[in-house]
Amino acid sequence: MSIKKIAKEAGVSTATVSRVLNNPGYKCSSEELRERIWKIARELNYMPNEAARNLKKGITNTSQKVWYLDVLMTRTGNLETDPFFSELLRVIESEIHRQGCILMHIFHQPLFSNDRKYRTENIDKIIVQMEPDGDIHSDGLIIIGKCNDNVLKKLSAKYRSIVSVNRNSTNYLVDEVICDGKRIAAMAVEYLIGLGHRKIGYVGDCHNESRYKGYQDTLFQYGIDMDISFVIEVEHTEAEGYAVMERLIQRGDAPTAIYCANDMIAIGMLKCLNKYKNRYYVPSIISSDDIEEAQYTRPMLTTVCLPKEEMGKFALYLLIDRLSGGHKGIVRTELEGKLMIRESCTLVENANRMEYYLSLIHISEPTRPRLI
C-alpha cells in the first residue's frame, strides 16, 4: 500500500505522511492529525516499500520476514493523558515502520496498570475483546507502561513475544527495556538534598511503584526521616498536581521541596503557584520524564530525562530478535536517566525569592538544558 493512498485518505501531502511515519520528533500540525495518519496506515496494513529501499542499498534477493505487531498502552486512556507515553509511542511507531514491520493495533487499557481495580474486573473477557476479528494475528506485543503480573502472564499466552517498556521492572516475566524508577527518584531526591532540603515530599503513585520506593530509600540513605504527611498519592495528571498544590499552600507545615513522579503533576503544581503567587510558600519542584512541555514552564522545570528514543528502539530490537529465534532467555535492558537542571529548584534558604509563572507561548528555539 503506497503513501499516496494514506495521504489521500488523510487529506494531507505525501511529504507530511512520510515525515509522520519516519520521524517521531516531527512537529505535526496537531496530535489528532498524527493519530489519523497512523490509524489509516494501520487499517491499510502499510509497510515501507522494502524492494525500493533494498535497491537503493544495492541489496537483492532478500526475503525479510514481515512481523505483525501490536502496542498496548497501560497508563493512558487516550493520547492526551500523559505526553511522555505519547512521545514514547511516536518513537516505537516510527521504529516499527523503519524495520519493515506492520503495526496492527494500539490498545489502551489503563486498568492493566491498576492492581486494585484489576481485582474487580473480568480481565479474561477484556483480553478476548482485544483479539482481532480478521485472519491476521499479531506476532508480538510491546507494552508501554506498568502492567499487572497476572495480566502479563495471560498476554504471554496470546503472543509469541512480548517486550515491556517501563520504569518498573516486570521481574523477568517478559523481555523488558527499563529506565529504573528507583534510580530516577534517587537522582532527583539527591539533588534536592544537595540544595539543603530535608523536608522533601513525594506526589504520585505509591502502590508497587519503584519511584516511591526510590524516594523512601534515598531519604533513609541520607538519614532523613520520612514524614508520611508529605507523601500524597494521586493519579499522574496535571489536574491532580494543581489540586495538591492548592491544599499545600494552605498548610502551616509543608515540605520545602517536592519530588513529583512525573512532569504532568509538576506542571499542574507550577500552574497553581502561578495563579496564587503565594510568596510565603514557594517549594522547589523536581520531577521525571522530561516531556516537551517541561521546557516551556517558568521557571523551567528541573526533571530527570528518560531516553525515550533508545527505550523505543531497544524494545523493538528485542522483540524482533526473539521472534527471529535470536534469544530464548528473558532479557532486561536498563538505560540511564539524566538530570536536567533548570530553574524550578533552589537552595532551601532562597526558596521564597522565586517567582512562579507559566509561559503559554512556545518558542521555536527552546533554551538548551545543561546535562549532568
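Scope of this entry: the structure provided in the associated data block. (Residues numbered from 1 in each chain as written. Predicted model: local features only at pLDDT ≥ 70, side-chain atom pairs only at ≥ 80, totals over all residues. Heavy atoms only, no water.)

### Things to note about the pairing of strand β9 (residues 284–289)
Along β9, 6 of the 6 residues are buried, which leaves the element largely enclosed by surrounding structure. Side chains Ser284, Ile286 and Ser288 project from β9 onto one buried face, and the interleaved Ile285, Ser287 and Asp289 project onto a second face that is buried too. Examined bridge by bridge, strand β8 (residues 257–260) and β9 share 3 bridges and lie parallel to one another. Bridging from a neighbouring strand, Tyr259 pairs with Ile286 of β9. Where β9 meets strand β11 (residues 302–305), 4 bridges bridge the pair, whose relative direction is parallel. Bridge assignment links Asp289 to a residue of β11, and that residue is Cys305. (Buried < 20%, exposed > 50% of the residue type's maximum accessible area, 1.4 Å probe, protein only. Helix = DSSP H or I, 4+ residues; strand = E, 2+ residues; numbered from the N terminus. Pairing = 2+ DSSP bridges.)

### Topic: unusual backbone geometry
Of note, the bond from Arg298 into Pro299 is cis; its omega dihedral lies within 30 degrees of zero at 0°. Within the secondary structure, Pro299 is located in the loop between β10 (297–298) and β11. A positive phi is found at Asn171, a non-glycine position, where the angle reads about 55°. Within the fold, Asn171 resides in the loop between β4 (161–166) and β5 (175–178). Residue classification places Asn171 among the exposed positions, given a relative accessible area of 58%.

### Observations regarding the environment of Ala257
Considering the arrangement of structural elements, one finds Ala257 in strand β8. Using a relative accessible area of 0% as the deciding quantity, one classes Ala257 as buried. Distance in space between the C-alpha atoms of Ala257 and Ile200 is 4.9 Å, their sequence separation being 57 residues. In this structure, Ala257 is in contact with Leu192, His197, Lys199, Ile200, Gly201, Pro283 and Ser284, ignoring residues within four places of it in sequence. (Contact = heavy atoms within 4.5 Å.)

### Quick notes on the sheet that holds strand β12 (residues 332–334)
Spatially, 6 strands are ordered β2-β1-β3-β4-β5-β12 in an open sheet, and the strand pairing comes out parallel. Edge positions in the sheet fall to β2 (102–108) and β12, since each has one partner strand and no second. Between one strand and the next, the sheet's axes are offset by a mean angle of 15°, whatever the strand orientation. Pairing geometry for strand β1 (residues 68–73) and strand β3 (residues 140–144), over 5 bridges, is parallel. (Axes fitted to C-alpha atoms, helices over the stretch in contact; angles between N-to-C directions.)

### What to know about the pairing of β5
Where burial is concerned, the two faces of β5 agree: the one with Asp175 and Val177 and the one with Glu176 and Ile178 are both buried. Sheet analysis places β4 next to β5, joined by 4 bridges and oriented parallel. Pairing of Val165 across the sheet is with Val177, part of β5. With 3 bridges connecting them, β5 and β12 associate as parallel partners. For Val177, the partnering residue across the bridge sits in β12 and is Thr333.

### Description of the packing of aromatic side chains
One pass over the full model with this rule turns up 6 aromatic pairs. Pairing Tyr202 with Tyr212 gives two aromatic rings, centres 5.1 Å apart and planes at 45°, and the pair type is tilted. Of this pair, Tyr202 sits in strand β6 (residues 200–204) while Tyr212 sits in helix α10 (residues 210–221), placing them 10 residues apart in sequence. When its relative accessible area of 11% is taken as the criterion, Tyr212 is described as buried. A network of ring pairs unites the aromatic residues Tyr202, Tyr212, Tyr215 and Tyr259 as a single cluster. (Phe/Tyr/Trp six-rings, centres within 6.5 Å; stacked < 30°, edge-to-face > 60°.)

### Notes on the packing of helix α5 (residues 83–98) against helix α13 (residues 308–323)
Viewed as axis vectors pointing N to C, α5 and α13 meet at an angle of 45°, and their least axial separation amounts to 9 Å. Between α5 and α13, the crossing angle belongs to the class labelled oblique. Crossing angle aside, the handedness with which α5 passes α13 is right-handed. Contacts from Phe84, Glu87, Leu88, Val91, Ile92, Glu95, Ile96 and Arg98 of α5 reach α13 at Lys308, Glu309, Met311, Gly312, Lys313, Leu316 and Tyr317. In terms of residue class, the contact of α5 with α13 is made up of 8 nonpolar, 1 polar and 6 charged. (Parallel < 35°, antiparallel > 145°, perpendicular 65-115°, else oblique. Left-handed = near helix turned anticlockwise from the far one by under 90°. Nonpolar A, V, L, I, M, F, W, Y, C, P; charged D, E, K, R; others polar.)

### Things to note about empty space enclosed by the protein
Under the criterion given, the structure shown has 3 cavities of 30 Å³ or more. Leu21, Trp38, Ala41, Arg42, Tyr46, Ile96, His97, Cys101, Ile102 and Leu103 are the residues that line the largest cavity. Only α3 (31–43), α5 and β2 provide two or more residues apiece to the lining of the largest cavity. At 3 residues, α3 tops the list of elements feeding residues into the lining of the largest cavity. Here the lining of the largest cavity is composed, by residue class, of 8 nonpolar, 1 polar and 1 charged. (1 Å grid on protein atoms, 1.4 Å probe; cavity = no way out; pocket = protein on both sides within 12 Å on 5 of 7 lines; lining within 4 Å. Points joined across faces, edges and corners; volume = space filled by probe spheres on them.)

### A few points about the nonpolar core
Membership of the largest hydrophobic core comes to 90 residues, with the highest contact counts inside it found for Ile6, Val71, Ile144, Met245, Leu248, Met269 and Ile285. If we ignore the near neighbours within four places in the chain, the residues touching Ile144 are Val71, Leu72, Met73, Thr74, Arg75, Phe85, Leu88, Leu89, Ile92 and Val165. Residues Ile126, Val151, Leu152 and Val174 belong to the second largest nonpolar core, which totals 17 residues. (Core = buried A, V, L, I, M, F, W, Y, C linked by side-chain atoms within 4.5 Å.)

### A short note on the pattern of salt bridges
If you walk through the whole model with that rule in mind, you get 17 salt bridges. Asp124 serves as the salt-bridge partner of Lys154, at 3.0 Å between the closest nitrogen and oxygen. Here the residue Lys154 occupies a position in helix α8 (residues 149–156), and Asp124 occupies one in helix α7 (residues 123–130), the gap between them amounting to 30 residues. You can call Lys154 partly exposed: its relative accessible area is 30%. Since its relative accessible area comes to 43%, Asp124 is described here as partly exposed. (Salt bridge = Lys/Arg side-chain N within 4 Å of Asp/Glu carboxyl O.)

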